[in-house]
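Observations on the model geometry
Letter by letter, the chains look like this.
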Amino acid sequence: MEKKSKKTTASGSKNSGSAQNAGMETSQLMKLFEDELKDIYWAEKALTKAIPKMIKNATSEELIEALQNHLEETREQVSRVEQVFESIGKKAVAKKCEAMEGLMKEAEGIMEDCEPGAMCDAGIISAAQKVEHYEIASYGTLHKFAETLELTDAAELLAQTLEEEKNADEKLTEIAVATVNIEAAEESEV
Ligand SMILES: [Fe+2]
C-alpha cells in the first residue's frame, strides 16, 4: 500500500509551499474570527440580562443613567454582531463565554454582599469596568482580525462598538472619580 504523501515543503517548491501556508493561515484566522464573534455574541446577549440587575442595585443617579444608556447600547450591539455575521454570510450563533460568565458571577457576588449605597455603587462600577475591559479586548482583536481578513463592513461595525465600549468605560471612571469613590470612602469612615 502506498503511503499518502506528507505535507512537506520540498526544497525547490518553497514558494508554492508558503503560498499554501498563507492560504491556510487566512482560513484559520477566519475560524478564529468566527469563534471570537460567537463568544462576544453570547457575552452581549448575557449582558442585556445582567445590566438591569446592576441598575436595580445602583443608587447614584449618574451611575443608573450611565448603565441605562449602556443597556440600550448593548441591545444595539447584539444586533450589530448579528450584522457582522450576516456580512460574512454566516448565521449568528452564540457560544458560551466562560470569562464573561465569571465576571457576571463576580458582579452578582459583589451586589449580594453590600447594602445599597456608595460602597455598592463603587463595587458595581468596578465589576462593570472589568466587563468593559473584556469587551474592549475582544472587539479590539475582532476589529484587527477583520482588517487583516479585509472584511471592510465587519471592520467598520466592530470599530463602532469598540468606540462605544471605550466611551462606556471612560464614563464609569468619571462617575467613580467624581462622586462614588469619594462617598464610598466617607461611608466607610467610623
Ligand atoms: Fe457591549
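Before any of the text, the structure's been laid out above.
Notes on the structure follow. Quantities reported herein were computed from a predicted structural model and do not represent experimental measurements. (Residues numbered from 1 in each chain as written. Predicted model: local features only at pLDDT ≥ 70, side-chain atom pairs only at ≥ 80, totals over all residues. Heavy atoms only, no water.)

1. So, the overall build of the protein chain
Per the secondary structure count, the protein chain includes five helices and zero strands. Order of helices (α) and strands (β) in the protein chain, N terminus to C terminus: α-α-α-α-α. Each of the 190 residues in the protein chain was classed as buried or not, and the buried ones make up 39%. Considering only contacts within the protein chain whose residues lie at least 6 apart along the sequence, 81% involve residues at least 24 apart. In the form shown here, the protein chain has an accessible surface area of approximately 11,500 Å², with 51% of it arising from carbon and sulfur atoms. (Helix = DSSP H or I, 4+ residues; strand = E, 2+ residues; numbered from the N terminus. Buried < 20%, exposed > 50% of the residue type's maximum accessible area, 1.4 Å probe, protein only. Contact = heavy atoms within 4.5 Å. Areas by Shrake-Rupley, 256 points an atom, 1.4 Å probe, with all protein chains shown as cover.)

2. Considering the state of the cysteines
In the structure shown here, the tally under the stated rule is one disulfide. At a sulfur-sulfur separation of 2.3 Å, the disulfide partner of Cys114 is Cys120. (Disulfide = S-S within 2.5 Å.)

3. Concerning the pattern of salt bridges
Enumeration according to the criterion identifies nine salt bridges in this entry. Residue Asp35 pairs with Lys31 through a salt bridge whose shortest N-O separation is 3.0 Å. Here Asp35 pairs with Lys31, and both are found in helix H1 (residues 14-57), just four residues apart, close to one helical turn. Given the relative accessible area of 51%, Lys31 is considered exposed. (Salt bridge = Lys/Arg side-chain N within 4 Å of Asp/Glu carboxyl O.)

4. As for the nonpolar core
Ranked by internal contacts, the top residues of the largest apolar core, which has 53 residues, are Phe33, Leu37, Leu63, Leu67, Met100, Ile124 and Leu158. Among the elements that make up this core, the one with the highest residue count is helix H4 (residues 118-148) (13 residues). The contact partners of Ile124, leaving out residues within four places of it in the chain, are Met54, Asn57, Ala58, Leu63, Leu67, Ile110 and Met111. (Core = buried A, V, L, I, M, F, W, Y, C linked by side-chain atoms within 4.5 Å.)

5. Looking at the environment of Lys45
As for its position among the elements, Lys45 is in helix H1. The class of Lys45 is partly exposed, set by a relative accessible area of 34%. The spatial distance from the C-alpha of Lys45 to the C-alpha of Ser79 is 9.6 Å, given a sequence separation of 34 residues. Contact partners of Lys45, with chain neighbours within four places excluded, come to Val78 and Ala94.

6. Some words on unusual backbone geometry
Despite not being glycine, Glu150 shows a phi value in the positive range, around 55°. Its place among the elements puts Glu150 in the loop between H4 and helix H5 (152-187).

7. A closer look at helix H3 (residues 98-112)
In a regular helix each residue adds 1.5 Å, so 15 residues correspond to 21 Å; H3 covers 21 Å between its end C-alpha atoms and thus fits that length. Among the residues of H3, those classed as buried are Met100, Leu103, Met104, Ala107 and Met111. Down the axis of H3, the smallest arc covering the buried residues is 95°, so these residues share one side. Of the exposed residues in H3, the ones pointing more than 90 degrees away from its buried face are Glu98, Lys105 and Glu112. (Expected span 1.5 Å × (residues − 1). Arc of directions from axis to C-beta.)

8. Some points on the coordination of the iron ion
Protein coordination of the iron ion is provided by Glu44 (OE), Glu44 (OE), Gln77 (OE1), Glu135 (OE) and Glu165 (OE), with donor distances spanning 2.0 to 2.4 Å. Judged by relative accessible area, Gln77 falls into the buried class, the value being 0%. Using a relative accessible area of 0% as the deciding quantity, one classes Glu165 as buried. (Donors = N, O, S within 2.8 Å, 3.2 Å for Na, K, Ca; no water.)

9. Section: the packing of helix H2 (residues 61-87) against H4
Contact geometry for H2 and H4: axes closest at 13 Å, N-to-C directions at 25°. Between H2 and H4, the interaxial angle falls into the category roughly parallel. The handedness of the crossing between H2 and H4 comes out as left-handed. Contacts between H2 and H4 pair Leu63, Leu67, His70, Gln77 and Val81 from the former with Asp121, Ile124, Ile125, Glu132, Glu135 and Tyr139 from the latter. A breakdown of the residues in the contact of H2 with H4 according to their chemical character gives six nonpolar, two polar and three charged. (Axes fitted to C-alpha atoms, helices over the stretch in contact; angles between N-to-C directions. Parallel < 35°, antiparallel > 145°, perpendicular 65-115°, else oblique. Left-handed = near helix turned anticlockwise from the far one by under 90°. Nonpolar A, V, L, I, M, F, W, Y, C, P; charged D, E, K, R; others polar.)

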